[in-house]
Amino acid sequence: MDTEWPRWEVIKQDVPTAPLQMVGSVHAADPEHALLVARHVFVRRPSAYALFVAPAEAFFMVTQEALREGGWEWEAPLHPEKPYQVYRKATHRRSMTYGELVGKVTAQSPVDAVKKALLELPGPFLALWVVPEEALFGAGESPEVRESWFEPAKAKVYRLQSYYGLVGRHPKEVKRG
Amino acid sequence: MVKLRIGHPEDPDYQERLEEFEARIARGEKIEPGDWMPAEYRRQLIRMISQHAHSEVVGMHPEGAWILRAPSFRRKLILLAKVQDEAGHGQYLYHAAETLGVTREEMLEALLSGRAKYSNIFNYPTLTWADVGIIGWLVDGMAIKNQTMLAQSSYGPYSRAMVRICAEETFHHKQGKEAVLLYAKGSRKQRQMVQDALNRWWWPTLMMAGPHDTDSPHTPLLLRWGIKTKTNDQIRQEFLNEHVPELLDAGLEIPDPHLRYDEKTGNWIHGPIPWDEFWKVIGGEGPMNRHRLETRRRVHEEGRWVREALEAYGRRRLAQAAD
């Protein structure tokens, strides 16, 4: 068998006013590597303002169905309270992202964080992810990093559909050939 | 981490749960990892998503072959961006499959050992630069029809990967169309080149939508569970209705003597598809099957030292951090 690098969840913020969003995952050997791969996979186009990665196993996920039916709690050792980020999926609408940051809670374990999120943060939660804030590694905190990491994609307009405008006649106009 | 909940027909509550599951899909709800799902739903998804991911990855080869020979710097940039996109699309899809508890390593192993399938279209060679245009317009055009349908899929992660892919793929389609229309209006040689590319890619493109519905055993179940939302023949028809008039308008000839427009339905009706060839190519007898897999295996082997070195480096860093 072969080597499989660990998996990292990728969190992206499109513009300063947008929420952080879970966009997918990449495999990488360490956090810096994960950030580089994440940029190649998820920031090939405009726009990004910030990018974070965290080890996939640092995330704890439950769905509404699992919450309703129970059996999702697992025995996790309690640790001193620490901040968790909470991501949620709120609708069944079409989307290209997994969860969206909805707030933070302070908790002693992932299960504890889920329980607090349900009490303290706005629902509905069709699915919910919690991750200790300390597990996140980021790029984009400084303007220099933002410029070198995210600006070049904006100049590559040939990646955009609009760059080609309307090519040829519209299919309706040429229906009968 | 997420706990998967998989139902088997022998489970005492299977029937009841299956009904709830199907009702959820009928209401247009998305199934997320961690929701109850039939084992067969998971199996079909892993089969389809990984096959789809492999197609994106193998699909880089026929076009990648032309990056160094692109006729202009602009075309080279476009093609580079397109091939990078295919790599990214493979990643989105492997991730979607991983949410079902299969590892990327297992999926790659299935590809490299020849057990897993990928889209048959990539077993054909790209003989001239015009092929790059035709692939963009027609092959990606057919792919987009399929992907737009799959963006409605009942499995959340698959649908999300598809929405992201469709958003990016439309540029592939447009740049191909732009290139083909330019050649179709170009010199005699350019017109011949693009017509030749169309002649070779037409039938393989129509076959991309898959066998006719009557010969597609998985389809009814895939439709019932919302994994697919349209049949192979529906996708093929949509593709024809959009592309045939445009190709004819460009002055190109479609290599199907039976092709006709049906006034009553407003559909373009194609002649008999050479399925013998399809089954032959799927069975490994296509012009490029062996070459594609050999290339994948070789690049996988050649990259092994990089994967191992980075893994060792990552492990050492973790150990140092723990000290």
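Residues numbered from 1 in each chain as written. Chains lettered and ligands numbered in written order. Predicted model: local features only at pLDDT ≥ 70, side-chain atom pairs only at ≥ 80, totals over all residues. Heavy atoms only, no water.

In the annotation of an unreviewed UniProt entry, the entry for chain B reads ATPase AAA, and the organism field reads Thermus filiformis.

Per an unreviewed UniProt entry, chain A carries the name Phenylacetic acid degradation protein and comes from Thermus filiformis.

### Some thoughts on the overall build of chain B
The helix and strand tally for chain B stands at 13 helices and four strands. Relative to a compact globule of 323 residues, whose C-alpha radius of gyration would be 20 Å, chain B shows 22 Å and is just as compact. Seen through its principal axes, chain B has C-alpha atoms that stretch 65 × 55 × 35 Å. Here chain B holds 323 residues, and the buried ones make up 57% of them. For chain B, the accessible surface area stands at approximately 14,200 Å², while carbon and sulfur atoms represent 55% of it. Treating the 44 positive side-chain charges of chain B as one cloud and the 45 negative ones as another, the clouds have centres 5 Å apart. (Helix = DSSP H or I, 4+ residues; strand = E, 2+ residues; numbered from the N terminus. Rg over C-alpha atoms; globule rule 2.2 N^0.38 Å. Buried < 20%, exposed > 50% of the residue type's maximum accessible area, 1.4 Å probe, protein only. Areas by Shrake-Rupley, 256 points an atom, 1.4 Å probe, with all protein chains shown as cover. Lys, Arg positive; Asp, Glu negative; His and termini not counted. Charge placed at Lys NZ, Arg CZ, Asp CG, Glu CD.)

### Let's talk about the overall build of chain A
Across its full length, chain A holds four helices and eight strands. For chain A, the sequential pattern of α-helices and β-strands runs β-β-α-β-β-α-β-β-α-β-β-α. Taken over C-alpha atoms, the radius of gyration comes to 20 Å for chain A, far larger than the 16 Å a tight globule of 177 residues would show. The dimensions of chain A, computed from C-alpha atoms along their principal axes, are 65 × 45 × 40 Å. Split into buried and exposed, the 177 residues of chain A put 50% on the buried side. The contacts of chain A with a sequence gap of at least 6 include a subset with a gap of at least 24, amounting to 64%. Total accessible area on chain A stands at roughly 8,400 Å², and carbon and sulfur atoms take up 55% of it. Distance from the positive charge centre (22 side chains) to the negative charge centre (22 side chains) of chain A: 14 Å. (Contact = heavy atoms within 4.5 Å.)

### Some thoughts on the side chain of E65(A)
Position of E65(A) relative to the elements: it lies in helix α2 (residues 64-69). A distance of 2.8 Å separates the side chain of E65(A) from the side chain of R5(B), its partner in a polar contact. Those residues in contact with E65(A), other than ones at most four positions away along the chain, are R5(B), R17(B), R24(B), D35(B) and W36(B). (Polar contact = N/O pair within 3.5 Å; in protein donor to acceptor, adjacent residues only side chain to side chain.)

### Let's talk about the nonpolar core
Across soluble globular proteins, nonpolar side chains show a tendency to be buried alongside one another. Counting residues in hydrophobic clusters, the biggest one holds 107 residues, and the most contacted among them are F21(B), Y41(B), I49(B), Y155(B), Y158(B) and W202(B). Among the elements that make up this core, the one with the highest residue count is helix α6 (residues 129-150) of chain B (11 residues). Excluding its chain neighbours within four sequence positions, the residues that come into contact with Y158(B) are L45(B), M48(B), I49(B), H52(B), L93(B), A96(B), L150(B) and S153(B). Of all hydrophobic cores here, the second largest spans 16 residues; its members include A66(A), Y84(A), A107(A) and V114(A). (Core = buried A, V, L, I, M, F, W, Y, C linked by side-chain atoms within 4.5 Å.)

### What about the environment of G136(B)?
Residue and element names in this part refer to chain B. With respect to the helices, strands and loops of the structure, G136 is situated in helix α6. In this structure the C-alpha to C-alpha distance between G136 and A209, which are 73 residues apart in sequence, comes to 16 Å. Once residues within four sequence positions are removed from consideration, G136 is found in contact with K82, G141, H172, H173, Q175 and G176.

### Some remarks on the domain arrangement of chain B
Residues and elements named next belong to chain B. In terms of domains, chain B is made up of domain 1 (5-273) and domain 2 (287-322). Look at where the C-alpha atoms of domain 1 and domain 2 centre, and you get two points 28 Å apart. Domain 1 puts 14 residues into the contact, and the matching count from domain 2 is nine residues. Summed over both sides, the interface of domain 1 with domain 2 buries roughly 1,100 Å², with 65% coming from carbon and sulfur. Three residues stand out in domain 1 for area buried against domain 2, namely H61, L112 and N123, and they jointly supply 53% of the buried area on that side. Across the domain 1-domain 2 interface, the total number found is zero salt bridges. Taken together, the connections running from domain 1 to domain 2 amount to five residue pairs in polar contact (both at pLDDT 80 or more). Put simply, the parts of the chain that give the side of domain 1 that touches domain 2 at least two residues each are α2 (39-58), α3 (60-64) and α5 (104-112). (Domains from an automatic or database assignment. Buried area = accessible area lost by both parts, 1.4 Å probe. Salt bridge = Lys/Arg side-chain N within 4 Å of Asp/Glu carboxyl O.)

### What about helix α7 (residues 156-184) of chain B?
Taking 1.5 Å as the rise per residue, α7(B) with 29 residues should run 42 Å; its terminal C-alpha atoms sit 41 Å apart, in good agreement. Roughly 35° is the biggest bend found in α7(B), and it falls at E168(B). (Expected span 1.5 Å × (residues − 1). Bend = angle between axes of the 7 residues up to and from the residue.)

### So, the interface of chain A and chain B
Many authors give the size of an interface as the accessible area that is lost as the parts come together. Listed as interface residues are 54 residues of chain A and, on the opposing side, 67 residues of chain B. Roughly 5,600 Å² of surface becomes buried between chain A and chain B when both sides are summed, with 51% attributable to carbon and sulfur atoms. It is R94(A), M96(A) and Y164(A) that lose the most area in chain A upon contact with chain B, and together they represent 11% of the buried surface on that side. Remark: the boundary between chain A and chain B carries 12 salt bridges.

### Quick look at the environment of K89(A)
As for its position among the elements, K89(A) is in strand β5 (residues 82-89). On the accessibility criterion, K89(A) (7% relative accessible area) is buried. In this structure the C-alpha to C-alpha distance between K89(A) and E65(A), which are 24 residues apart in sequence, comes to 13 Å. Among all residues touching K89(A), those that are not within four sequence positions of it are Y98(A), P124(A), F125(A), L126(A), A127(A), W129(A), K30(B), E32(B) and R160(B). A distance of 2.4 Å separates a polar atom in the side chain of K89(A) from a polar atom in the side chain of E32(B).

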